[in-house]
Each structure stands twice: as structure tokens, then as C-alpha cells.
Amino acid sequence: MGILDDIRVLDLTHVWFGPFCTMMLADLGAEVIRIEPPWGAIDRVAEGALFGGVTYTFHHLNLNKKDLTLNLKSPEGVAIFKELVKISDVVVQNFSPGTMERLGLGYEVLRELNPSIIYAALSGFGQYGPYMKRGSYAMIAEAMSGHTRLTGDGVDPNGPPIEMAQAYGDLGPALFAAMSIIAAIRYRDKTGKGQMIDVSQLDCMVALNTGITCYTLSGMKPWELRNKYPATRGVGGLMRTKDGGWIRLAAFSPSSIDNLKRCLGAEEISKEDVERRVAEMTRDEAVELFVKADVPVAPVYHVDEVVKDPHLIARGMFIELEHPKAGRVKVPNFPVKFSETPGRVVTAAPLLGQHNREILMGLLGYTEEKIRELELAGVIASEPMP
Ligand SMILES: CC(C)(COP(=O)(O)OP(=O)(O)OC[C@H]1O[C@@H](n2cnc3c(N)ncnc32)[C@H](O)[C@@H]1OP(=O)(O)O)[C@@H](O)C(=O)NCCC(=O)NCCS
């Protein structure tokens, strides 16, 4: 049993932020119906290389979902969507603010159809405020929330800003969105009332930036505070090894600093001393030495090493799924382990319109003839199965 297996989500998301949020709900058991235009959402082919017709990020971010196409710029498409709203629990979208209202599908309209609907509007800057109309991607929210400058400061405060890898400006806010939807489901279950959730990437990235509280308390940026009080963080950092690898050492607590001194046979120790000693070892020798001494340490992995790591494999972090066009795909599993209601990744990312018939016939009782009419009218379309 999945903890959300009585929840149906209409997923109007596109590009990273939205799809990751709805995938979290799907992994916890919700029936997530991704709704795309008949010509396909922009994230299917937004990068150069395609695997079975879609990008690697589409594979990563759309597991466990069903796919329905609907042309929401046609009256029939809008009518079908409204029918689905009546029998669903959650609607999630990450269009520019105002897009749903232009389609005639704003919260006020959906609430009339289903007062218990939970409607999550995900956007760069939120549904109100001076910047609400601006388009946004992860790097926009990372830059304005201070993360890009702080990442650069970690290397050199006088050097250029450095962008975080992997679009955390999408994936972090997506987790806030999923958490908030689940909280709203709990409220709905207690009161019968739905609500609108306005999730802004920028707001969420500000919430993730502890450097802001550093500044408001001390009047200093985190690197300025660290320079003024250098001893507070123990001995740590990225350190190069003799075989060209890197380790990340984090001897921050008094006991790990003692362990570090003991394993290196030194009375006193500085970061420079440790770097010198680490430079005489291979990466794996250094990791083994510090792990044995109970000093927090990690090898700095490339992604090809991540998928081979025996600990991650032992915890079931990679699974293989069959995709109709890309063949077997290996993807990260849902990471959190529940004792009673485990998350589960069961199906690969869907083909365009793969579940048109299942949803329109199964949920709305449409006939094959009606489906053909919708296809001929361009309201729905599906990618041929191989
Ligand atoms: C990402 C973003 C900049 C992309 O902008 P965009 O490609 O212009 O997309 P928009 O959201 O503005 O609009 C989508 C369009 O597709 C249309 N569309 C979407 N689904 C549709 C469907 N099923 N049928 C028909 N049309 C559809 C919308 O109606 C809209 O068209 P319109 O502008 O003519 O009204 C914008 O969506 C955005 O800022 N989103 C919020 C922040 C975000 O999530 N960023 C991405 C993080 S990776």
C-alpha cells in the first residue's frame, strides 16, 4: 500500500520544478496523470540527446506517472479537464502566472467544480508581488536568493559567482511543493475544504539559504564571519590526493578532531598539515584511513562511481525499469524508507498520450468511437507504441 494511494493528481507541470514535485507524490502512491498538449510538453525534447524520444531529465522526473494528452486551447479539451477535476484531489501546474486563467482554468473556476480540490500553482516569483510576471528557471531563483554568489564565495569572494550544479532551484522548491500538498490533503481530510497553494521558487530558495540568518544576526556574509572566527569549524575541506582524486573531509566535532590528530600521529593539526598528508595518499587510501579513525570523510565521486557504490546498492537506491522505446533504464529509487508504507517506483516515464484510453474510458466512461472523434479533432493524440 502506498500512503497516498487514494489520491488522484492532475499534473499540468512542465520542466523540472513541477514534474519533480508530482513525481514525489506518485512515488508515495498517488495516481498522477500528467496532462500534456497533443504536440507534447516542452520538457520531452528540451535538450540535445534523446533516449527513446525524450531527454534523460524527462526519464528522471516522470517515473510512475500516467500520460494523457488534452488540447486545453480547445473547448472539448477544457471540458474533459473539468470532468477530471470533479473526480480528483489535487491539481498542480507550473506555468507562468496567468496562464491557467487564460485557459479558463484558474483556481476560482476549479473550486466551483470541486470545493475540496487542492490547487498548487508553482512559479518563479509567486502569484502576486512586483516580479510575478517574470519567467524563471532554477538559476534565476538561485541567483536572486544569494546561492550563486555564496557558492562563488566558497572559492573566492573576489572571484566570479558560481552556479550550483543540478538545478536545485527547481528540485528544492519542488520538495516544498510536495510537502505542502500533503499538508493540504491532511487539512482537506479533516475539514472537507481544499485550498490554493502558491509556491514560488525564489521564496523557497530564500528559505533554504542559512546565510541570510548569518547576515541578519552578525551583519556579515558567511565567509566574512568564517574569516573573523576561523576556529569554529574544525578541519575540513576538499583535498587533492596523489592519484589526482579528491576527498571531502569534515572533522568538525571535538571528537573527530581528536581522532584526526590520533590517526595522523600529530599533537596539533591545521588544514594545511592535513592537506599535505592527504597529498601523499591515493584517494581510496585516504578515505580508508579516515573512515577507520572515525573521521567524517567522503570520496568525491563522479556519477559513474555513484551508481556502483556498494552502500547505495545495498540500500536499493537504483532500480531498472522497462521503457517502451528506450529499453531498460536505470534510475534512482525513491530515497526514503518507510516501515509500513514504502514509496515505490514501478513504471518508467510515460510515452505521450500512453494512457489516453485508460483514463478517458476507465475514469470518464468514454467509448472507442468518442476517443477516435477526439483524435480526429486534434483534442488528444498519442505516440505510437513500438
Ligand atoms: C518555464 C517557463 C519560463 C516557460 O515559459 P513558456 O514556455 O512561455 O510557458 P508558459 O508557462 O508561459 O505557457 C505555456 C503555454 O503552453 C500552453 N499550454 C500548456 N499546456 C497546454 C495544453 N495541454 N494544451 C494547450 N496549450 C497548453 C499554455 O496555455 C501557454 O500558452 P499561452 O502562453 O499561449 O497561454 C514558465 O512556464 C514559468 O515561468 N514557469 C514557472 C517557473 C518554472 O516552473 N520554471 C521552470 C523551472 S525548470
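Below is a summary of the structure that appears in this document. (Residues numbered from 1 in each chain as written. Predicted model: local features only at pLDDT ≥ 70, side-chain atom pairs only at ≥ 80, totals over all residues.)

## Concerning the overall build of the protein
Assigned secondary structure in the protein consists of 18 helices and 11 strands. Across its three principal axes, the protein shows a C-alpha extent of roughly 80 × 45 × 40 Å. The buried share of the protein, reckoned over its 386 residues, is 35%. For the protein, the proportion of contacts with a sequence separation of at least 24, taken over those separated by at least 6, is 69%. (Helix = DSSP H or I, 4+ residues; strand = E, 2+ residues; numbered from the N terminus. Buried ≥ 20, exposed ≤ 12 C-beta atoms within 10 Å, placed from the backbone. Contact = placed C-beta atoms within 7 Å.)

## Considerations on the pairing of strand E5 (residues 118–123)
Most of E5 sits inside the fold, with six of its six residues counted as buried. Residues Ile 118, Ala 120 and Leu 122 of E5 are buried on one face, and the alternating residues Tyr 119, Ala 121 and Ser 123, pointing to the opposite face, are buried as well.

## Things to note about the sheet that holds strand E7 (residues 235–240)
Spatial strand order, E7-E8-E9: three strands in an open sheet with antiparallel pairing. Single-partner strands in this sheet number two, and they are E7 and strand E9 (297–299). Neighbour-to-neighbour, the strand axes of this sheet turn through a mean angle of 10 degrees, independent of strand direction. Direction of pairing for E7 relative to strand E8 (residues 246–251): antiparallel, over a ladder of six bridges. (Pairing = 2+ DSSP bridges. Axes fitted to C-alpha atoms, helices over the stretch in contact; angles between N-to-C directions.)

## Some thoughts on the environment of Asp 89
As for its position among the elements, Asp 89 is in the loop between helix H3 (75–86) and strand E4 (90–93). According to the C-beta neighbour criterion, Asp 89 is buried, with 24 such atoms within 10 Å. In this structure, the C-alpha to C-alpha distance between Asp 89 and Val 9, residues 80 residues apart in sequence, is 6.1 Å. Excluding residues that lie within four positions of it along the chain, Asp 89 makes contacts with Ile 7, Arg 8, Val 9, Ile 118 and Ile 185.

## Considerations on the site of the ligand
In the vicinity of the ligand there are 26 residues, among which Pro 37, Asn 94, Phe 95, Ser 96 and Gly 135 approach most closely. Breaking the shell around the ligand down by element, the ones donating at least two residues are helix H1 (17–27), strand E2 (31–36), helix H4 (99–102) and E5. Looking at the shell around the ligand residue by residue, the class counts come to 13 nonpolar, nine polar and four charged. (Near = placed C-beta within 6 Å. Nonpolar A, V, L, I, M, F, W, Y, C, P; charged D, E, K, R; others polar.)

## Side note on the sheet that holds E4
In space, the six strands of this open sheet follow the order E3-E2-E1-E4-E5-E6, with parallel pairing throughout. In this open sheet, the two edge strands, each paired with only one partner strand, are strand E3 (65–69) and strand E6 (195–200). Strand-to-strand, the axes of this sheet are offset by a mean angle of 20 degrees, without reference to chain direction. Bridge analysis of E5 against E6 gives six bridges, and the strand direction is parallel. Looking at the pairing, Ala 120 lines up with Ile 197 of E6. Across the sheet, H1 is in contact with strand E1 (8–12), E2, E3, E4 and E5; its angle to E4 comes to roughly 155 degrees. The strands touched by helix H8 (residues 168–191) are E4, E5 and E6; relative to E6, the strand with the most contacts, the crossing angle is about 165 degrees.

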